[in-house]
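Examination of the molecular architecture
The primary structure of each chain is shown beneath.
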Amino acid sequence: MTTDLSDKHFVYIEDDELSRQVMRMIFENMLGVKRLTMFEDSHDFLPRIKQLPQRPAVLLLDIQVHPLNGFDMLYIIRRDPEIAQVKVIALTASVMFDDIQKMRSAGFDGMIGKPVSVTTFPDLIRQVVAGESVWHVG
């Protein structure tokens, strides 16, 4: 899949520094993404997203981030008319069947299990941007 992502904007909300470093490396070096915004917590995440110069193509949410977890953030996102239609993908180590069903029921557009694989993650992101539903355990 050769979807060009260089003009897309991505937002990753993740409290783990190493995860953010890995994600930056994947997005910049492997996907050629020039616009990746990362937040190290979910404090005031919605105003921060709205202040960005470009609406994100995809929001990647760590489920276990604080003060609001991924489910709380998704609830807020889906009720805001400015960003309600943005693709929202959960990134989580919680990949049991019940966890995945809870994410589907909550309204996530997909889920990618952690730790992310540098060999599969780029194609998964391309699939999400192309409009495909991605539920990848790893």
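Residues numbered from 1 in each chain as written. Predicted model: local features only at pLDDT ≥ 70, side-chain atom pairs only at ≥ 80, totals over all residues. Heavy atoms only, no water.

Okay, the overall build of the protein chain next. Helices and strands together make up the secondary structure of the protein chain, namely 5 helices and 6 strands. Walking the protein chain from its N terminus toward its C terminus, one meets helices and strands in the order β-α-β-α-β-α-β-α-β-α-β. In terms of overall size, the protein chain behaves like a compact globule, its C-alpha atoms giving a radius of gyration of 14 Å where 138 residues would be expected to give roughly 14 Å. Taking the principal axes of the C-alpha coordinates as reference, the protein chain spans close to 35 × 30 × 30 Å. Residues classed as buried in the protein chain amount to 43% of the 138 residues present. (Helix = DSSP H or I, 4+ residues; strand = E, 2+ residues; numbered from the N terminus. Rg over C-alpha atoms; globule rule 2.2 N^0.38 Å. Buried < 20%, exposed > 50% of the residue type's maximum accessible area, 1.4 Å probe, protein only.)

Once that is clear, we can look at the environment of Pro122. Secondary-structure assignment places Pro122 in helix H5 (residues 121–129). Setting aside residues up to four positions removed in sequence, Pro122 forms contacts with Ile26, Met30, Leu31 and Ser117. (Contact = heavy atoms within 4.5 Å.)

Time to look at a nonpolar patch on the surface. Together, Met25, Met30 and Val118 give the surface a local cluster of nonpolar side chains, amounting to about 220 Å² of exposed area. For Met25, a relative accessible area of 34% gives the class partly exposed. (Patch = residues over 30% accessible without salt bridge, like charges linked within 9 Å, V, L, I, M, F, W, Y side chains within 5 Å. Areas by Shrake-Rupley, 256 points an atom, 1.4 Å probe, with all protein chains shown as cover. Salt bridge = Lys/Arg side-chain N within 4 Å of Asp/Glu carboxyl O.)

Core analysis: the biggest nonpolar cluster contains 22 residues, and Ile13, Leu59, Leu61 and Phe108 have the highest contact counts within it. Elements represented by at least two residues in this core include exactly strand E1 (9–13), helix H2 (45–50), strand E3 (58–62), helix H3 (70–78), strand E4 (87–92) and helix H4 (97–106). Met23, Ile26, Leu31 and Ile125 belong to the second largest nonpolar core, which has 21 residues in total. (Core = buried A, V, L, I, M, F, W, Y, C linked by side-chain atoms within 4.5 Å.)

This part is about the sheet that holds E1. As summarised here, the arrangement of the 6 strands in space is E2-E1-E3-E4-E5-E6, forming an open sheet in which the pairing is parallel. For this open sheet the edge positions go to strand E2 (35–39) and strand E6 (134–136), each flanked by a neighbour on one side alone. The sheet shows a mean angle of 20° between the axes of neighbouring strands, direction not considered. Of the strand pairs in this sheet, strand E5 (residues 110–113) and E6 are connected by 3 bridges, and their pairing is parallel. (Pairing = 2+ DSSP bridges. Axes fitted to C-alpha atoms, helices over the stretch in contact; angles between N-to-C directions.)

Our next topic: the packing of helix H1 (residues 17–30) against H5. Running from N to C, H1 and H5 cross one another at 75°; their axes reach a closest spacing of 10 Å. It follows that H1 is roughly perpendicular to H5 by the angle criterion. Packed against H1, whose contacting residues are Met23, Ile26, Phe27 and Met30, the element H5 presents Phe121, Pro122, Ile125 and Arg126 at the interface. Classifying every residue of the contact of H1 with H5 gives 7 nonpolar, no polar and 1 charged. (Parallel < 35°, antiparallel > 145°, perpendicular 65-115°, else oblique. Nonpolar A, V, L, I, M, F, W, Y, C, P; charged D, E, K, R; others polar.)

Note on helix geometry: an α-helix contains 3.6 residues per turn, so any two residues three or four positions apart are oriented the same way. Regarding H5, the residues found buried are Phe121, Pro122, Leu124, Ile125, Arg126 and Val128. Within two residues after H5, Gly131 carries a phi angle of roughly 100°, on the positive side.

Moving on: H3. Every buried residue belonging to H3 is among Gly70, Met73, Leu74 and Ile77, and all of these are buried. All buried residues of H3 lie within an arc of 100° about the axis, which places them on one face of the element. Buried residues along H3 sit against E1, H2, E3, E4 and H4. Between the side-chain oxygen at the start of H3 and the backbone nitrogen of Phe71 there is a gap of 2.9 Å, and the oxygen is on Asn69. (Arc of directions from axis to C-beta. Polar contact = N/O pair within 3.5 Å; in protein donor to acceptor, adjacent residues only side chain to side chain.)

The next subject is the packing of aromatic side chains. In this description, a pair of aromatic rings is defined by centroid distance and the angle of the planes. One pass over the structure, following the stated rule, counts 3 aromatic pairs. A ring pair is formed by Phe10 and Phe27, whose centres lie 4.9 Å apart and whose planes are at 50°; its orientation type is tilted. Taken together, the residues Phe10 in strand E1 and Phe27 in helix H1 connect sequence positions 17 residues apart. As far as the burial class goes, Phe10 and Phe27 line up, both buried. Geometrically, the ring pair formed by Phe27 and Phe121 is edge-to-face, given 5.8 Å between the ring centres and 75° between the ring planes. With Phe27 in helix H1 and Phe121 in helix H5, the pair connects residues that are 94 residues apart, well separated along the chain. Note on accessibility: Phe27 and Phe121 belong to one class, buried. Members of the aromatic cluster, each reached through a chain of ring pairs, are Phe10, Phe27 and Phe121. Its guanidinium or amino end placed over the ring of Phe39, Arg48 lies 4.2 Å from that ring's centre, counting from NZ or CZ. (Phe/Tyr/Trp six-rings, centres within 6.5 Å; stacked < 30°, edge-to-face > 60°. Lys NZ or Arg CZ within 6 Å of the ring centre and 35° of its normal.)

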